[in-house]
Amino acid sequence: MDSIVTSNSTIPRLTAALADRYRIERELGAGGMATVYLAHDIKHDRQVAIKVLKPELAAVLGAERFVQEIKTTAALQHPHILPLFDSGAADGFLYYVMPFIDGETLRAKLDRETQLAVDDAVRIAREVADALDYAHTRGIVHRDVKPENIMLHGGHALVVDFGIALAVSAAAGGRMTETGLSLGTPHYMSPEQATAEKEITARSDIYSIGSVLYEMLAGQPPHLGGSAQQIVMKIIADVPRPLPELRKSVPPNVAAAVATSLEKIPADRFATAAEFSRALANSSYRRADSDAPGATARWRGHTMQVASLVGVAALAIGVVSARLLWRDEPVPQRAARVMLAFPVGQEPLFADLSVGSTLTQMPDGSGLLYWGAGTTTTGALLSREWDRLAPTRTPLAVEEGCCVAVSPSGDSIAYLTSPHKLVVVPLAGGRAMTVADSGMTAMTTVGGGVDWASNGWIYASGTTGLVRVRPQGGAVERVSTLDTTRGDGGHLWPSVLPGARAALLTVAPRQESADLSRRSIGVVDFATRRVDILSQGIRALYSPSGHLIVVKSNGVVWAVPFDVQTHRVTGREIELADTVAVRGVTVGTADISLSSSGTAVYSKGVTQSQVAVWVDRTGATTPVSPDLADHVVAALTLSPDGRRVVVGMGGADGTVHLWTKTLGGGPRSRFTFDGVTNVRAAWRPRTNAISYSANRDDLGRMVLVERNADGTGEVRRLTTGDRRGIPHHVWSPDGRWLVFRTDDQEAGNADIMGIRPGIDSVARPLVATPAEELSPAISHDGRWLAYTSNETGPREVYVRPFPETGSGRFQVSTTGGTTPVWGRDGREMFYIDRVGNMVAVPLVSGPTFQVGAAKVLFSASAYALNAFARQFDVTPDGTRFLMSRGVSDGQVHVVVVFNFVEELKRLVARP
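Rules and cut-offs
Residues numbered from 1 in each chain as written. Predicted model: local features only at pLDDT ≥ 70, side-chain atom pairs only at ≥ 80, totals over all residues. Heavy atoms only, no water. Helix = DSSP H or I, 4+ residues; strand = E, 2+ residues; numbered from the N terminus. Buried < 20%, exposed > 50% of the residue type's maximum accessible area, 1.4 Å probe, protein only. Contact = heavy atoms within 4.5 Å. Areas by Shrake-Rupley, 256 points an atom, 1.4 Å probe, with all protein chains shown as cover. Pairing = 2+ DSSP bridges. Salt bridge = Lys/Arg side-chain N within 4 Å of Asp/Glu carboxyl O. Axes fitted to C-alpha atoms, helices over the stretch in contact; angles between N-to-C directions. Parallel < 35°, antiparallel > 145°, perpendicular 65-115°, else oblique. Left-handed = near helix turned anticlockwise from the far one by under 90°. Nonpolar A, V, L, I, M, F, W, Y, C, P; charged D, E, K, R; others polar. Core = buried A, V, L, I, M, F, W, Y, C linked by side-chain atoms within 4.5 Å. Phe/Tyr/Trp six-rings, centres within 6.5 Å; stacked < 30°, edge-to-face > 60°. Expected span 1.5 Å × (residues − 1). pLDDT = per-residue confidence, 0-100. Polar contact = N/O pair within 3.5 Å; in protein donor to acceptor, adjacent residues only side chain to side chain.

A. Examining the overall build of the chain more closely. When you go through the chain residue by residue, the secondary structure sums to 15 helices and 63 strands. Sorting the 911 residues of the chain into buried and exposed places 56% on the buried side. Relative to all contacts within the chain whose residues are 6 or more apart in sequence, the contacts with residues 24 or more apart total 50%. When the accessible surface of the chain is totalled, it reaches about 36,900 Å², and 50% of it is carbon and sulfur.

Listed below in structure tokens is the structure:
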């Protein structure tokens with residue numbers, strides 16, 4: 001045989017050796033036995049994956065024996081087995097060729113999601129079992145079934161490297177210990193593999209796929225340990241915890257099938273992989289309650305030869321001794337990752353991207369508080385305790401809010417609510433107290449974060465920096481200063497450090513954009529108000545391990561060594577396996593919480609895209625067009641004739657632009673090209689123009705501009721930025737009046753203003769009160785102005801005469817209401833009530849404004865809603881609504897990591 005390749009010039013030599021058949025493109029990855037390369041099959045003009053055995057393994061194999069043995073696997077043809085295209089030896093390399101699959105391994109999916117939905121996990125296991133059974137009937141045992149060897153492609157499983165372990169083992173002639181490598185990953189080895197039994201049967205594979213399914217369901221393999229030897233000891237001597245103890249949603253037949261597959265003695269397992277698959281599908285399958293300790297005892301007479309996974313020689317040790325050695329060691333606090341399930345209607349509210357952080361843990365780590373469905377914007381506050389399966393609704397009279405912080409004693413909460421209020425309320429129920437109201441100009445409208453420190457102060461993000469106030473109310477104190485020379489635009493998401501002398505925060509740039517990578521993690525010293533930059537990131541928390549837990553703009557979580565006394569970073573950043581969902585274009589945050597007990601909670605895998613749909617008056621939906629789908633689909637507005645639509649659409653980078661489309665099959669056309677955010681368009685009557693809000697001024701506030709509806713001509717400015725942003729506007733039917741609502745954070749409220757372009761030089765207030773007026777809408781006869789206000793507490797829909805709005809006021813909704821829309825035939829008004837229903841109100845003709853009885857049409861809670869401006873439109877005949885809804889896998893993903901801090905300590909202790 002040619003000399004074995006051991007130098008660092010592998011790719012050039014491999015390229016030359018295979019040049020007549022394959023063109024090597026790049027390395028894809030490396031495992032214990034082989035390195036994988038992406039290559040182009042020259043003869044067949046296709047991409048392939050070439051696995052090249054490690055030189056130290058190839059050194060003890062004969063090329064002829066290896067190629068001869070691997071031929072037996074090339075004949076396997078099954079829909080869930082990745083086939084072999086080719087194999088051979090060239091210039092000292094032993095290789096085999098497979099199709100290149102543009103997918104991911106089950107290992108990658110588990111690393112990302114930890115636990116899979118039960119149905120998905122069972123489906124994958126049955127597909128792998130089908131592949132195993134096919135090979136077993138042909139006398140081939142895989143010997144290395146593990147998540148790394150299961151590819152996911154097109155929603156289905158493909159078993160990779162089928163029979164390669166057998167081929168390598170046979171070719172090695174029993175000399176595998178000479179290679180310093182192992183066949184089989186410790187977590188998924190059967191007991192007979194772990195004890196180096198000579199005869200490995202198909203039941204070994206059944207044990208391995210049972211272990212894989214166990215991990216898919218429980219979030220961890222059946223046996224864990226600090227080293228390969230400890231894992232092997234447990235495989236031989238210990239009984240895994242029953243699945244229902246780790247995840248109560250696992251069906252009894254599935255738990256029973258997994259338990260049978262994991263029996264220590266091969267004869268006690270399923271005889272075939274097909275039997276295992278049938279048991280998974282048979283809801284009535286049960287097993288006799290086997291005596292697990294007895295089963296373990298039957299193995300005590302065996303001695304084990306643990307195949308070393310760290311390069312040491314084979315070690316024989318009695319199982320009983322191994323068990324005693326293991327039990328005498330301190331038991332580490334293992335991390336456990338679980339994905340929470342939520343009943344329908346009680347899911348965390350992730351749909352509204354303007355909402356800030358929604359997940360907050362109780363200080364003692366006993367459970368989770370979160371915002372769930374229940375109102376038109378942010379919903380109700382629910383509690384999910386770890387010792388309970390279902391959430392409970394807290395007895396709080398909370399209408400709207402975000403960013404909950406729990407008092408150190410755990411008996412009260414503080415939260416932000418619009419407009420610009422910081423509210424404190426007892427968690428057991430009671431009177432809510434506004435400790436900083438709309439007159440306190442330091443408070444933000446929504447989002448930005450709040451924390452309740454051990455020193456009793458409540459810290460929140462303000463427009464001029466971080467502020468604090470006592471829970472009993474009083475003066476609002478500023479504790480951080482925006483560094484204008486650095487370009488600070490805001491200090492968000494405060495997290496007070498131990499000792500309450502400083503806090504972590506997120507520094508947002510003054511010229512904010514959708515590029516969240518421009519945000520930084522800072523630390524503010526309360527004594528000096530100075531903020532020092534520590535790292536790039538969008539959210540940071542302090543871990544008792546002495547680290548900052550930092551979420552980067554791409555959602556990846558990092559640990560940063562940090563001295564809490566000096567407020568300095570003391571080492572290099574370490575990337576962790578967890579990834580957090582990053583939400584919001586303007587708020588831009590990540591839901592993550594860390595309790596003092598070391599439990600971490602974060603959200604991931606929430607709705608990935610939105611799509612425009614038609615919804616009829618019964619709630620039935622039909623898609624509008626496949627090209628009206630993107631990361632954001634918002635503020636759909638029909639033309640006066642109902643034949644065209646203008647819609648805000650944005651990608652994952654956070655930019656939002658307007659597109660126009662002719663309905664009924666016409667193409668879509670991009671309408672805006674500059675700026676970051678262009679939203680909430682209106683068709684300007686009696687002109688060929690579309691007006692919209694855009695972030696054009698130097699202060700980053702929204703101004704009104706317009707452009708010809710056919711896309712020609714220049715963008716024309718309608719208003720100046722001034723002190724007030726203008727995020728939403730409407731036109732009167734005759735085109736004479738431009739009516740808009742302001743977004744004035746400094747004044748602490750929002751008003752509805754009106755101006756006659758070309759006539760008035762200054763806008764005049766139409767509805768301007770200390771409350772917050774939103775969503776102006778003018779009736780199609782031009783006589784009435786509808787809007788919403790929270791002047792009595794909950795948001796309600798009101799109507800005033802137009803344009804003389806001071807001559808009357810009528811309340812339309814009585815159970816909460818937002819975003820009124822007038823029917824174009826003048827017979828109805830529509831709005832969204834407090835619990836997210838689409839409501840129709842008949843209009844009674846006459847000299848004064850009158851309405852009939854309101855009627856709920858359908859639940860709109862699944863669609864994109866926004867209390868500040870309408871996100872939907874109604875067809876001219878009033879029979880259909882144009883709305884957008886999220887497209888996801890139907891689940892809300894909230895991950896809980898118990899003993900997260902202990903896991904972090906072990907991770908950073910590794911060399």
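B. Expanded view of the sheet that holds strand β7 (residues 150-153). Strand order in the open sheet formed by three strands is β6-β7-β8, and the pairing between neighbours is antiparallel. Since the sheet does not close on itself, it has two edges, and those belong to β6 (104-105) and β8 (156-159), each with one partner. As paired elements, β7 and β8 share four bridges and run antiparallel to each other. From the neighbouring strand, Ile150 faces β8, where its bridge partner is Val159.

C. The arrangement of the pattern of salt bridges in detail. Applying the stated criterion across every chain yields a total of 32 salt bridges. For Arg468, the salt bridge identified is with Glu477, shortest N-O distance 3.2 Å. We classify Arg468 as buried; its relative accessible area is 18%. A cluster of three or more residues bridged by salt bridges with shared partners is formed by Glu104, Lys109, Arg112 and Glu113.

D. Here's a closer look at the sheet that holds strand β43 (residues 668-670). Read from one edge of the open sheet, four strands run β40-β41-β42-β43, paired in antiparallel fashion. The open sheet is flanked by β40 (632-638) and β43, the only strands paired with a single partner. Each adjacent strand pair in this sheet contributes to an overall mean axis angle of 25°, direction not counted. As paired elements, strand β41 (residues 644-650) and strand β42 (residues 656-662) share seven bridges and run antiparallel to each other. Following the sheet pairing, Gly648 is matched in β42 by Leu658.

E. A look at the environment of Ser593. Residue position: Ser593 is located in strand β35 (residues 592-594). In the structure, Ser593 is positioned 232 residues away from Gln361 in sequence and 6.3 Å away in space, judged by C-alpha atoms. With sequence-adjacent residues up to four places away left out, Ser593 is seen in contact with Leu359, Thr360, Gln361, Leu541, Thr599, Ala600 and Val601.

F. Structural detail: the packing of helix α8 (residues 202-218) against helix α11 (residues 252-261). Remark: α8 packs on α11, axes separated minimally by 8 Å, with the N-to-C direction vectors making an angle of 140°. Taken together, the axes of α8 and α11 are oblique relative to one another. The chirality of how α8 crosses α11 is left-handed. Along the contact surface, α8 presents Ile206, Tyr207, Gly210, Leu213, Tyr214 and Leu217, while α11 presents Val254, Val258 and Ser261. Its residues assigned to classes, the contact of α8 with α11 comprises seven nonpolar, two polar and no charged.

G. Here's a closer look at the nonpolar core. Counting residues in each nonpolar core, the largest one holds 51 residues, and the members touching the most others are Leu106, Ile124, Leu213 and Met216. Ranked by the residues each element gives to this core, the list is headed by helix α5 (residues 118-136), at 11 residues. Discounting chain neighbours no more than four positions away, the residues touching Met216 are Leu106, Leu110, Gln115, Leu116, Ala121, Ile124, Ala125 and Arg247.

H. How the structure looks around the packing of aromatic side chains. Counted by the stated rule, this structure contains 14 aromatic pairs. Where Trp737 meets Phe802, the ring centres are 5.6 Å apart and the plane angle is 70°; that geometry is what we call edge-to-face. Placement of Trp737 in the loop between β48 (725-731) and β49 (738-743) and of Phe802 in the loop between β54 (796-801) and β55 (810-811) is noted, with a sequence separation of 65 residues between them. With centroids separated by 5.9 Å and ring planes inclined at 25°, the aromatic side chains of Tyr787 and Tyr798 adopt a geometry described as stacked. In this pair, Tyr787 is assigned in strand β53 (residues 784-789) and Tyr798 in strand β54, connecting sequence segments 11 residues apart. We classify Tyr798 as buried; its relative accessible area is 0%.

I. Fine view of the packing of α11 against helix α12 (residues 273-281). The N-to-C vectors of α11 and α12 enclose an angle of 160°; their axes lie 7 Å apart at closest approach. For the element pair α11 / α12, the angle class is roughly antiparallel. Here Asn253, Val254, Ala257, Val258 and Ser261 of α11 lie close against α12, whose contacting residues are Phe276, Ala279, Leu280 and Ala281. Here the residues of the contact of α11 with α12 are counted per class, giving seven nonpolar, two polar and no charged.

J. Quick peek at the pairing of strand β57 (residues 828-833). Among the six residues of β57, six are classified as buried, and the element is accordingly described as predominantly covered. With four bridges joining them, strand β56 (residues 817-822) and β57 adopt antiparallel strand pairing. Looking at β57, one finds that Gly817 is bridged to Asp833. From the end of β56 to the start of β57, which pair antiparallel, there are five residues, and Gly826 there has a positive phi angle of about 75°. Direction of pairing for β57 relative to strand β58 (residues 837-844): antiparallel, over a ladder of five bridges. Residue pairing for β58: Phe830 is matched across the bridge by Ala840.

K. Molecular detail of α8. The end-to-end C-alpha distance of α8, which contains 17 residues, comes to 24 Å, matching closely the 24 Å that a straight helix rising 1.5 Å per residue would cover. Of all 17 residues that make up α8, 15 are buried, and the element is covered over most of its length. The positive-phi residue at the C-terminal boundary of α8 is Gly219, with phi of around 85°.

L. Representation of the pairing of β53 within the structure. Of all six residues in β53, six are buried, a share of seventy percent or more. Residues Trp784, Ala786 and Thr788 point to one face of β53 and Leu785, Tyr787 and Ser789 to the other, with burial holding for every one of them. Here strand β52 (residues 773-778) pairs with β53 via four bridges, running antiparallel. For Ala777, the partnering residue across the bridge sits in β53 and is Ala786. Counted between consecutive antiparallel strands, the loop separating β52 from β53 contains five residues, among which Gly782 sits at a positive phi close to 75°. Sheet topology note: the β53/β54 ladder contains six bridges and is antiparallel. The residue bridging Leu785 from the neighbouring strand is Arg800, located in β54. What sits between the antiparallel neighbours β53 and β54 is a turn of six residues, in which Gly793 has the positive phi angle 120°.

M. Here's a closer look at the environment of Val423. Here Val423 lies in strand β18 (residues 421-426). With a relative accessible area of 5%, Val423 lands in the buried category. Measuring from C-alpha to C-alpha, the distance between Val423 and Val435 comes to 5.8 Å, with 12 residues separating the pair along the chain. Apart from the residues lying within four places of it in its own chain, the contact partners of Val423 are Ile413, Ala414, Tyr415, Thr417, Ala432, Met433 and Thr434.

N. Here's a closer look at unusual backbone geometry. Going from Phe802 to Pro803, the amide bond is cis rather than trans, its omega being 5°. Summarising the element assignment, Pro803 is placed in the loop between β54 and β55. The phi dihedral of Trp493 falls on the positive side, at around 50°, and the residue is not glycine. Mapped onto the elements, Trp493 comes out in strand β24 (residues 488-496).

O. Here's a closer look at α11. For α11, the buried fraction is high: eight of the 10 residues fall into the buried class. When α11 is considered as a whole, its buried residues turn out to be Asn253, Val254, Ala255, Ala256, Ala257, Val258, Thr260 and Ser261. On its buried side, α11 packs onto α5, α8, α10 (243-246) and α12.

P. Spatial organisation of the confidence of the model for the chain. Mean pLDDT over the chain stands at 80; residues scoring 70 or higher make up 80%. Below a pLDDT of 50 lies the segment residues 1-8, which in the model reaches 20 contacts outside its immediate sequence neighbourhood of four places, other chains included. Note on residues 438-446: pLDDT is under 50 here. Beyond four places in sequence and across chains, it has 33 contacts.

Q. Local environment of the environment of Arg764. With respect to the helices, strands and loops of the structure, Arg764 is situated in strand β51 (residues 764-767). Along the sequence, Arg764 and Ile752 sit 12 residues apart, while their C-alpha atoms lie 8.8 Å from each other. Sequence-distant contacts of Arg764, that is, excluding residues within four places in its chain, are made with Trp737, Met753, Gly754, Pro803 and Glu804. Within the structure, the side chain of Arg764 is placed 3.4 Å from the backbone oxygen of Pro803, a separation counted as a polar contact.

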